[in-house]
Amino acid sequence: MLNSANNNFVQHAQVVSTSTEGNMNGYNRKSPQKRRYDMPKYAVPPKKKSGKERVPQPKNTVAMLNELRHGLIYKLESQTGPVHAPLFTISVEVDGQKYLGQGRSKKVARIEAAATALRSFIQFKDGAVLSPLKPAGNLDFTSDEHLENGIENVSKAELVELIYTLMLPEKKSNLTSLEQPTLRPQIFCMSHNATKSTIAVDGQKKVPDKGPVMLLYELFNDVNFECMNIDGAQNNCRFKMTVTINDKKFDGTGPSKKLAKNAAAKAALASLCNISYSPMMAPQKNAPLPIDDKTSSMELPQIHADTIGRLVLEKFMEVIKGQEAYSRRKVLAGIVMTENMNFCEAKVISVSTGTKCVSGEHMSVNGAVLNDSHAEIVSRRCLLKYLYAQLDLQCNQATAYQSIFVRNTDGQYPYKLKSGVHFHLYINTAPCGDARIFSPHENDTGVDKHPNRKARGQLRTKIESGEGTIPVKSSDGIQTWDGVLQGQRLLTMSCSDKIARWNIVGIQGSLLSAIIEPVYLHSIVLGSLLHPEHMYRAVCGRIEKSIQGLPPPYHLNKPRLALVTSAEPRNQAKAPNFGINWTIGDTELEVVNSLTGRTIGGQVSRITKQAFFDKYGFLVKNLPGMPNRKVTKDYGETKADVKDYQTAKQELFSAFKREDLGSWLKKPIEQDQFGLVE
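Small disclaimer: the values here were computed from a predicted structure and weren't measured.

Calculation rules
Residues numbered from 1 in each chain as written. Predicted model: local features only at pLDDT ≥ 70, side-chain atom pairs only at ≥ 80, totals over all residues. Heavy atoms only, no water. Helix = DSSP H or I, 4+ residues; strand = E, 2+ residues; numbered from the N terminus. Contact = heavy atoms within 4.5 Å. Areas by Shrake-Rupley, 256 points an atom, 1.4 Å probe, with all protein chains shown as cover. Axes fitted to C-alpha atoms, helices over the stretch in contact; angles between N-to-C directions. Parallel < 35°, antiparallel > 145°, perpendicular 65-115°, else oblique. Left-handed = near helix turned anticlockwise from the far one by under 90°. Nonpolar A, V, L, I, M, F, W, Y, C, P; charged D, E, K, R; others polar. Buried < 20%, exposed > 50% of the residue type's maximum accessible area, 1.4 Å probe, protein only. Polar contact = N/O pair within 3.5 Å; in protein donor to acceptor, adjacent residues only side chain to side chain. Pairing = 2+ DSSP bridges. Right-handed = clockwise from strand over helix to strand, strands pointing away. Salt bridge = Lys/Arg side-chain N within 4 Å of Asp/Glu carboxyl O. Expected span 1.5 Å × (residues − 1). Phe/Tyr/Trp six-rings, centres within 6.5 Å; stacked < 30°, edge-to-face > 60°. Disulfide = S-S within 2.5 Å. Core = buried A, V, L, I, M, F, W, Y, C linked by side-chain atoms within 4.5 Å. pLDDT = per-residue confidence, 0-100.

Focus: the overall build of the protein
Move 1: In terms of helices and strands, the protein carries 18 helices and 19 strands.
Move 2: Long-range pairs, those at least 24 residues apart, make up 65% of the contacts in the protein with a sequence separation of at least 6.
Move 3: Surface accessibility of the protein: about 35,000 Å² in total, with carbon and sulfur atoms responsible for 51%.

Written as structure tokens, this is what we have:
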């Protein structure tokens with residue numbers, strides 16, 4: 001009997017052991033560690049498969065409307081009735097038309113509003129209609145039973161065809177067979193309707209209420225985030241996140257994984273849906289941002305801004321190869337050119353770095369030094385070099401067609417830009433002066449609490465060999481040569497003030513103004529510190545009410561403004577005393593000592609006054625259609641002879657004075673008293 005009990009115990013133990021071993025093996029095959037390892041990072045975890053195949057549920061009217069018109073906003077219009085049985089009225093605006101729906105719960109009212117909107121512009125095949133809501137008479141208004149209502153008699157194929165036919169005819173004709181909407185038709189109709197759905201009543205677009213990552217997950221099913229690499233030192237890390245949507249990849253960078261993830265989501269939403277989180281999208285009340293009409297604003301489309309920033313950064317990394325010792329920088333700038341706003345074929349015209357100005361002891365009487373080595377100023381000088389090269393093409397009939405300029409037969413200027421050519425300035429931070437000092441960080445987009453303070457809009461100057469700006473003193477704005485040589489600090493107008501000047505007289509400079517019509521910036525894109533009010537005021541807003549009497553075609557230019565989705569990190573390192581510059585066509589970059597205004601080898605830079613005056617003399621002598629064929633005066637006198645340019649410049653200075661913003665500070669006149677090299 002004892003042996004029998006032992007045998008039973010052994011058999012029972014074997015059964016338990018086998019069962020346990022099977023369970024453990026099964027657990028090991030499906031261990032959480034292994035599942036986490038196999039899953040792609042940040043992907044949606046796979047759902048457990050049930051024994052029965054899941055039957056797709058019909059969509060309710062809200063889901064159906066969201067597939068056709070993304071970004072719709074439902075508003076509670078009213079609530080009536082007793083507390084225990086309220087009646088809600090909810091509205092939704094679609095393509096400028098408001099539709100109402102009522103129900104015993106907000107969800108019911110929202111579905112009814114969506115159904116009303118759908119009935120207004122959808123007619124299904126074979127008499128298929130939107131199913132009516134179930135009678136709510138005996139329905140508990142706190143239940144979710146009404147969410148089972150959907151669209152009846154509409155197959156998936158018919159739904160795809162319906163959405164496809166709602167697309168613009170020209171867009172439909174341009175789609176290849178690979179682009180035909182199949183599984184996710186809403187992706188293709190979304191970009192067409194997103195712009196309409198994000199425009200408010202006053203014509204200004206609005207930033208979405210939801211965060212970019214959450215909104216991205218709502219709009220797309222197949223969203224996968226991945227952390228690609230980490231750059232920077234331990235105390236200044238930069239994370240790079242890549243989001244993949246329908247085999248398309250979008251990158252974002254940031255000081256944390258969360259911010260990098262947000263940046264990647266913003267880039268994807270801007271590209272796929274035309275949804276922007278730019279601070280330019282949500283101007284506050286009483287903000288002095290102009291609206292030319294009900295559909296336009298100062299905002300450059302986010303996808304264009306990101307393209308401009310990416311192109312400049314990539315070009316900088318390309319030209320700095322082999323000279324990495326000069327890659328240190330605090331400010332990076334560049335100018336991008338587009339034709340007919342085709343950013344797929346955009347060209348980077350110039351790239352530059354730098355934050356310092358020449359020391360007074362190194363001033364030159366023959367225009368052989370670079371006075372201002374701030375990156376955005378250098379990039380504009382590189383653009384001048386490019387404009388001179390493009391005019392050189394007009395000197396030869398065989399190459400004239402390659403130039404961005406054409407003969408101007410109906411104006412006072414011999415040449416003008418081809419139609420559709422635009423220039424876009426990128427700066428990795430707000431320009432020094434009025435645009436920067438009131439913008440301590442990117443998120444400060446609230447209303448200026450002290451808009452009438454005298455400090456707002458004041459002209460400011462840079463100090464030689466240093467960083468930062470100070471307000472100009474109330475004087476006649478004259479600096480003397482001997483005063484600077486005896487120790488007086490050489491002062492240079494801030495970058496904000498110079499950009500404001502470009503928006504009146506153009507970016508072509510006084511010499512080229514005798515040959516071509518004024519050229520203006522189409523947009524300014526920042527990598528950080530974009531405050532809409534401060535930036536707009538600095539570049540054009542502070543003089544828009546007082547500027548007057550400009551000789552045509554000079555006018556007040558109002559460039560589009562934008563902030564890239566992946567903000568430029570704040571660089572706390574000490575600024576170097578050098579800057580680099582590169583212009584399209586150059587075989588290598590040039591490194592300039594910012595304190596001496598010459599190259600690190602002690603040579604004359606290729607973008608100095610002297611270099612441009614020589615190029616101007618060549619054009620006057622060889623360019624077809626020029627009235628005068630010889631330059632007989634010195635540099636300063638030649639500039640003074642361009643009457644319309646000088647009139648526009650003096651009107652700019654007067655506008656600042658009328659606004660009590662200070663007097664424009666001029667360099668010693670001895671700097672411009674040099675002639676052409678024989």
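A look at the packing of helix α11 (residues 375-393) against helix α16 (residues 609-622)
Relative orientation and spacing of two packed helices are given, respectively, by the angle between their axes and the distance between those axes.
Move 1: Contact geometry for α11 and α16: axes closest at 11 Å, N-to-C directions at 15°. By the angle class used here, α11 and α16 are roughly parallel. In the packing of α11 onto α16, the handedness of the crossing is left-handed. Residues R381, L384, K385, Y388, L391 and D392 of α11 touch α16, and the partners they reach there are K609, F612, K615, Y616, F618 and L619.
Move 2: Of the residues contributing to the contact of α11 with α16, the split by class is seven nonpolar, no polar and five charged.

Section: the environment of S352
Move 1: Mapped onto the fold, S352 is located in strand β8 (residues 347-353).
Move 2: Residue S352 is classed as buried on the basis of its relative accessible area, which comes to 0%.
Move 3: With 228 residues separating them in the primary sequence, S352 and I580 have C-alpha atoms 5.3 Å apart.
Move 4: Leave out the neighbours within four places in its chain, and S352 touches V331, L332, A333, A375, V378, S379, I580 and N581.
Move 5: A distance of 2.5 Å separates a polar atom in the side chain of S352 from the backbone oxygen of A375.
Move 6: In this structure the side chain of S352 is engaged in a polar contact, spanning 2.7 Å, whose partner is the side chain of S379.

Remarks on the environment of G509
Move 1: Assignment of secondary structure puts G509 in helix α14 (residues 509-512).
Move 2: In contact with G509, not counting residues within four places along its chain, are R380, L384 and Y645.

Examining the sheet that holds strand β13 (residues 469-471)
Move 1: The sheet built from three strands is open, its strands ordered β13-β12-β14 with antiparallel pairing. Edge positions in the sheet fall to β13 and β14 (491-493), since each of these pairs with one other strand and no more. With strand direction ignored, the average angle separating the axes of adjacent strands in the sheet is 45°.
Move 2: The pairing of strand β12 (residues 460-463) with β14 spans three bridges and is antiparallel. Looking at β14, one finds that I463 is bridged to L491.
Move 3: Packing against the sheet, helix α13 (residues 495-505) makes contact with β12 and β14, and its axis sits at approximately 45° to β14.

Focus: the sheet that holds β8
Move 1: Taken in spatial order, the eight strands of this open sheet run β16-β15-β11-β7-β8-β17-β18-β19, and their pairing is mixed. If you trace the sheet from one side to the other, it starts and ends with β16 (560-563) and β19 (598-599), each paired once.

Brief notes about the pairing of β16
Move 1: Bridge count for strand β15 (residues 523-526) against β16 is four bridges, and the pairing is parallel. Paired with V525 across the bridge in β16 is A562.
Move 2: Regarding topology, helix α15 (residues 532-539) serves as the crossover connection from β15 to the parallel β16, and that connection is right-handed.

Describing the side chain of Q508
Move 1: On the secondary structure map, Q508 appears in the loop between α13 and α14.
Move 2: Look at Q508 and you get buried, because its relative accessible area is 1%.
Move 3: At 2.9 Å, the side chain of Q508 forms a polar contact with the backbone oxygen of V505.
Move 4: A distance of 2.8 Å separates a polar atom in the side chain of Q508 from a polar atom in the side chain of S513.
Move 5: When residues no more than four places from it in sequence are discounted, the contact partners of Q508 are R380, L384, L387, S513, I516, P518, V519, Y554 and Y645.

Focus on the pattern of salt bridges
Move 1: Within this structure, the stated rule accounts for 18 salt bridges.
Move 2: Measuring nitrogen to oxygen at the nearest pair gives 3.8 Å for the salt bridge that ties R119 to E112.
Move 3: The salt bridge partner of D672 is K609, with a shortest N-O separation of 2.8 Å. Separated by 63 residues along the polypeptide, D672 in the segment after α18 (643-658) and K609 in helix α16 bring together distant segments of the chain. Each member of the pair, D672 together with K609, is buried.

Concerning helix α9 (residues 257-273)
Move 1: Taking 1.5 Å of rise per residue, the 17 residues of α9 would be expected to cover 24 Å, and the 23 Å separating its terminal C-alpha atoms lies within 8% of that figure.
Move 2: Of all 17 residues making up α9, twelve are buried, and the element is well covered by its neighbours.
Move 3: Turning to α9, its buried residues number three or more, namely A260, K261, N262, A263, A264, A265, A267, A268, L269, A270, L272 and C273.
Move 4: Downstream of α9 by one or two residues, N274 has phi in the positive range, about 60°.

Thoughts on the packing of aromatic side chains
Each aromatic ring pair is specified by the distance between its two centres and by the angle formed by the two planes.
Move 1: What the rule picks out here adds up to nine aromatic pairs.
Move 2: Residues Y635 and F674 carry aromatic rings whose centres are separated by 4.9 Å and whose planes lie at 15° to one another, so their mutual orientation is stacked. Here Y635 is found in helix α17 (residues 635-640), whereas its partner F674 is found in the segment after α18, with 39 residues between them in sequence. For the residue pair Y635 and F674, the accessibility class agrees, reading buried in each case.

Considering the state of the cysteines
Move 1: Applying the stated criterion across every chain yields a total of zero disulfides.
Move 2: The thiol of C495 is unpaired, and the distance to the nearest cysteine sulfur, on C432, comes to 3.6 Å.
Move 3: Judged by its relative accessible area of 0%, C495 is buried.

Regarding the nonpolar core
Move 1: Residues L387, L391, F423, I504, L512, I515 and I524 are the most contacted members of the largest nonpolar core, which totals 84 residues.
Move 2: For this core, the element with the highest residue contribution is α11, accounting for ten residues.
Move 3: With near-sequence residues (within four places) excluded, I504 lies in contact with Y520, I543, I547, L550, Y554, H555, L556, A648 and L652.

So, helix α3 (residues 61-68)
Each turn of an α-helix holds 3.6 residues, which means side chains three or four residues apart point in the same direction.
Move 1: Summarising burial for α3: six of the eight residues are buried, a large majority.
Move 2: Among the residues of α3, those classed as buried are T61, V62, M64, L65, E67 and L68.

Remarks on the environment of Y536
Move 1: Among the structural elements, Y536 can be located in helix α15.
Move 2: Look at Y536 and you get buried, because its relative accessible area is 0%.
Move 3: Each C-alpha atom of the pair Y536 and L561 lies 8.1 Å from the other, and the pair is 25 residues apart in sequence.

Structural notes on the confidence of the model for the protein
Move 1: Summary statistics for the protein give a mean pLDDT of 78 and a share of 72% for residues scoring 70 or more.
Move 2: When the elements of the protein are averaged for pLDDT, helix α7 (residues 185-197) gives the smallest value, 38, and strand β11 (residues 421-427) the largest, 98.
Move 3: The low-confidence segment residues 124-204, where pLDDT is below 50, has 122 contacts with residues more than four positions distant or belonging to other chains.
Move 4: Note on residues 283-296: pLDDT under 50 across the span, and 22 contacts to partners over four residues away in sequence or across chains.

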